[in-house]
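Each chain is listed here by its residues.
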Amino acid sequence: MIKLFLKWAVCCCLLITANVYAQPHWTAAGNSYYEVEAGNVVLYTLPSFTKQVVVDNSKLIPAGKSVALDVQDFTFSADGKKMLIYTNSKKVWRRNTRGDYWVLDIASGELHQLGKDKASSSLMFAKFSPDGLQVAYVSLHNLYTEEVKSGTIKALTTDGTDRMINGTFDWVYEEEFDCRDGFRWSPDSKHIAYWQIDARQIRNYLMLNTTDSIYSFNVPVEYPKVGEAPSPCKVGVVDVATAATQWMQVPGDNRQHYIPRMEWAYNSTELILQQLNRKQNESKIFICNSATGDARGIYQETDNAWIDIKARWSEEPTGWEWLHDGKDFLWVSEKDGYRHIYLVSRDGKKEKLVTTGKYDILSIDAIDEKSGNVYYMASPDNATQQYLYRVNINNGKSALLSPAGLKGTHQYAISPNGTYAQHSFSNANTLPMSEWVSLPAHTALPGTEKHANRRPGANTYPVEFFQVTTEEGITMDGWMIKPAHFDSTKKYPVLFYVYTEPATQTVRDSYGSAGTRLYNGDMAADGYIQISLDGRGTPAPKGAAWRKAIYRNIGRVNIRDQAQAAQKILQWNFVDTSRIAVWGWSGGGSTTLNLLFQYPNIYKTGISIAPVANQLTYDNIYQERYMGIPQENKADFVQGSPVTYAKNLQGKLLLIHGTGDDNVHYQNTEMLINELIKYNKVFQLMSYPNRTHAIYEGEGTTQHLKSTFTEFLKRNCPGGGR
């Protein structure tokens, strides 16, 4: 149910149609940036790109070692005199968020490791205090500070365990809210605000590892299934000097709400946070007194379906968008039917609609408070594309900044003052290009343009975009790649690629977004039509009604839209209705099963990878956001689940799943297998031992997956015109 993927398929990290550029390490002034180059940390000043070596890699060699640290990330203290280096990182669920940290005094060259008494690669989210005298970090679910000069370490929390989590988050907060870094320094460096997640009441889901030793062993994951109450969550402010914590008195039962956002409220005495109720259809903003914990509600909204969090419209879900010296902040809401930017006063009593019109913003990419300009991505006229716009919060005037003649997908990494940006562009039929530009004129900085080269031997076939309107009047965007040497007098098989759930679109006008990544060979040359369609429920910028039509209807509305669109396509005279195949991964795997089972007259062959076969097995935040709470409307979950319709299988099914999938558990496939056995339905199964949701671990795995996918498709839905 889940999100788009880093290697081949769909992974559960939320993929946003926002900027996916790796942000440069901008200086505060916004006219220069740092990067690691040949092991050195260098500073480039724009627009001339004058280069200065700030830290030579010879300074990054620890005492007694001969090799410099592998700098995987870095930050500087506010005065620029010290550098915090992140290295030796390890994965926590989806991302490499734990590792080792070192501090370099740039002037003296002194280099020392933080947390020497902690286990290797166990420190998380280390950051300088604003005054640069200390560094705070999390290790094994406890929060620490360390004095930069003396190396003195102080534990600010001591109750951290595998289930009592301070300063970071549990599996489901990370997976569904994109919450990872769970603490914030106060501006005066005297306090730290942090989350505490009490996951002790969440049951373990036990995965079974049967291959890494002679005796099998359990791999426990604290995983709240849908219908299980959330882990209690609270926010505290700890005094760095005394290690005493004051808890914020946020109203309500902390087992029936979430706190997905928290920051200091533009001062050192107050916090601001967002609270969502369990169904995630009511949002409240509180300002809390950091000394007493008193919480004062200032702003709230409700929705008939759900309210999206910041991770849906920002690459970086931390931070609060303050303006006018903390008197106002920016807020994003869909309450007028579209995703728009609002300016809200600190007390919540005044608000102003900043972006107007019947279109959605896709992301906020930069804010220049001095000029009052907000840079954002949108695509008012084509839901498959994205462009950069700028709106002035004072006069409400909005302007397109991306070149109007470059139709497709633009991405930007914009400097803090909105003066410069790294820009990339592509569309489905144009190789990616990148350049540096000055804004707002979007003038290219000379000598910075780069074009991607096509892989040697790669076949290129045009991607065609089209729309189809179903019998219910739903107009859906689609892409299509026709076979090589297409002959309209012949009939060809169709392979549909599907996802269809609220986490991502499949129809985007960007290079590489169309095609079949798992096919081992040349699909067009082998005579297949490839198609993908986005229906209601996908996060296309078509307004809230489009996206939220799927509420309590996953497995029904999205399935009906796909099937009705396919029925229109089957009327095309060059489509062979006897050779119709469908495939998808994760939420797309669920869709594949539902299409194959609910519409066996249309879909003859299906390849389902890592599917949620039973919606009652998935996590509470995702399922309850989009489907409600099963204790109240269980029938919706049952009626949307593929296991309910397994008895209708008529075509050929290949079911693929990793037994070590901590996201969509392998039990989904086993539950489905039982139903298929019950009704004597013959199918093909490929289990990958101990592979995760991504199914890429282990030597030869990716190639084997491609070979399995391709052989099954060719055997059961052969290509070629007839």
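About the criteria used
Residues numbered from 1 in each chain as written. Predicted model: local features only at pLDDT ≥ 70, side-chain atom pairs only at ≥ 80, totals over all residues. Heavy atoms only, no water. Salt bridge = Lys/Arg side-chain N within 4 Å of Asp/Glu carboxyl O. Helix = DSSP H or I, 4+ residues; strand = E, 2+ residues; numbered from the N terminus. Buried < 20%, exposed > 50% of the residue type's maximum accessible area, 1.4 Å probe, protein only. UniProt positions renumbered as here; feature names shortened; annotations may be inferred. Core = buried A, V, L, I, M, F, W, Y, C linked by side-chain atoms within 4.5 Å. Domains from an automatic or database assignment. Contact = heavy atoms within 4.5 Å. Disulfide = S-S within 2.5 Å. Pairing = 2+ DSSP bridges. Axes fitted to C-alpha atoms, helices over the stretch in contact; angles between N-to-C directions. Phe/Tyr/Trp six-rings, centres within 6.5 Å; stacked < 30°, edge-to-face > 60°. Lys NZ or Arg CZ within 6 Å of the ring centre and 35° of its normal.

The protein has the name Dipeptidyl-peptidase-4 in an unreviewed UniProt entry, where Filimonas lacunae is given as its organism.

Colleague: Report on the pattern of salt bridges, specifying residues and quantitative values.
Modeller: With the rule as written, the count across this model stands at 35 salt bridges. Lys127 is the partner of Asp181 in a salt bridge, and the nearest nitrogen-oxygen pair spans 2.9 Å. Placement of the pair is Asp181 in the loop between helix 1 (171-177) and strand 14 (183-185) and Lys127 in strand 9 (residues 123-128), with a sequence separation of 54 residues. Two residues, Arg180 and Glu174, come together in a salt bridge whose shortest N-O distance is 3.5 Å. Taken individually, Arg180 and Glu174 each receive the classification buried, so the pair is uniform in this respect. Taken together, the shared-partner salt bridges in this structure form one network comprising Asp303, Asp308, Arg312, Glu334, Arg339, Asp360, Arg547 and Lys548.

Colleague: Provide a residue-level description of the UniProt feature "domain: Peptidase S9 prolyl oligopeptidase catalytic" (unreviewed entry) in the protein, including the pertinent values.
Modeller: In this structure's numbering, the residues bearing the UniProt feature "domain: Peptidase S9 prolyl oligopeptidase catalytic" (unreviewed entry) are residues 523-716. Secondary structure across residues 523-716 divides into 40% helix and 18% strand, with the first and last C-alpha atoms of the span separated by 15 Å.

Colleague: Let's hear about the nonpolar core: which residues, and what values?
Modeller: Counting 48 residues, the largest nonpolar core has Tyr173, Phe177, Val235, Leu271 and Leu273 as the members making the most contacts within it. If you list the elements that add at least two residues to this core, you get helix 1, strand 15 (191-198), strand 16 (204-209), strand 18 (233-239), strand 20 (257-264), strand 21 (270-277), strand 22 (282-289) and helix 5 (620-627). Of the domains in this structure, domain 2 (156-340) and domain 4 (463-716) are the two that each give at least three residues to this core. With residues near it in sequence (within four places) discarded, Tyr173 still touches Asp178, Cys179, Ile197, Cys233, Tyr258, Ile259 and Ile621. If you look at the next biggest cluster of nonpolar residues, it comprises 42 residues, including Val498, Leu593, Val643 and Leu653.

Colleague: Can you tell me about the state of the cysteines, naming the residues and giving the values?
Modeller: Here is the idea: a disulfide is a covalent bond, and it sits between the sulfur atoms of two cysteines. Summed over all chains, the structure comprises zero disulfides. With no disulfide of its own, Cys233 lies closest to Cys179 among cysteine sulfurs, the gap being 8.5 Å. By relative accessible area, which is 2% here, Cys233 ends up buried.

Colleague: Tell me about the sheet that holds strand 40 (residues 529-534), and name the residues and values.
Modeller: Reading across the sheet, the eight strands line up as 37-38-40-39-41-42-43-44 and stay open at both edges, with mixed pairing between neighbours. Both edges of this open sheet fall to strand 37 (463-469) and strand 44 (684-688), since each of them pairs with a single strand only. Pairwise comparison of adjacent strand axes, ignoring direction, gives a mean angle of 20 degrees for this sheet. With five bridges joining them, strand 41 (residues 575-585) and strand 42 (residues 605-609) adopt parallel strand pairing. Across the sheet, the residue bridging to Gly584 is Ser608, located in strand 42. Of the strands in this sheet, strand 43 (652-658) and strand 44 are in contact with helix 7 (residues 667-678), which crosses strand 43 at around 150 degrees. Running at roughly 175 degrees to strand 44, helix 8 (residues 701-716) makes contact with strand 39 (492-497), strand 41, strand 42, strand 43 and strand 44 of the sheet.

Colleague: Summarise the UniProt feature "domain: Dipeptidylpeptidase IV N-terminal" (unreviewed entry) in the protein; cite the residues concerned and give the values.
Modeller: UniProt's feature table lists "domain: Dipeptidylpeptidase IV N-terminal" (unreviewed entry) at residues 77-430, given in the numbering used throughout. Here residues 77-430 is 2% helix and 48% strand, with 42 Å between the C-alpha atoms at its ends.

Colleague: Tell me about the packing of aromatic side chains, and please be specific about residues and values.
Modeller: Enumeration according to the criterion identifies 36 aromatic pairs in this entry. Ring geometry for Tyr618 and Tyr622: centres 5.5 Å apart, planes at 90 degrees, overall edge-to-face. Both residues of the pair, Tyr618 and Tyr622, belong to the buried class. Within the aromatic cluster, the residues linked to one another by ring pairs are Trp171, Tyr223, Trp306, Tyr551, Tyr618, Tyr622 and Tyr626. Here the basic side chain of Lys127 rests over the ring of Phe183, its NZ or CZ set 3.3 Å away from the ring centre.

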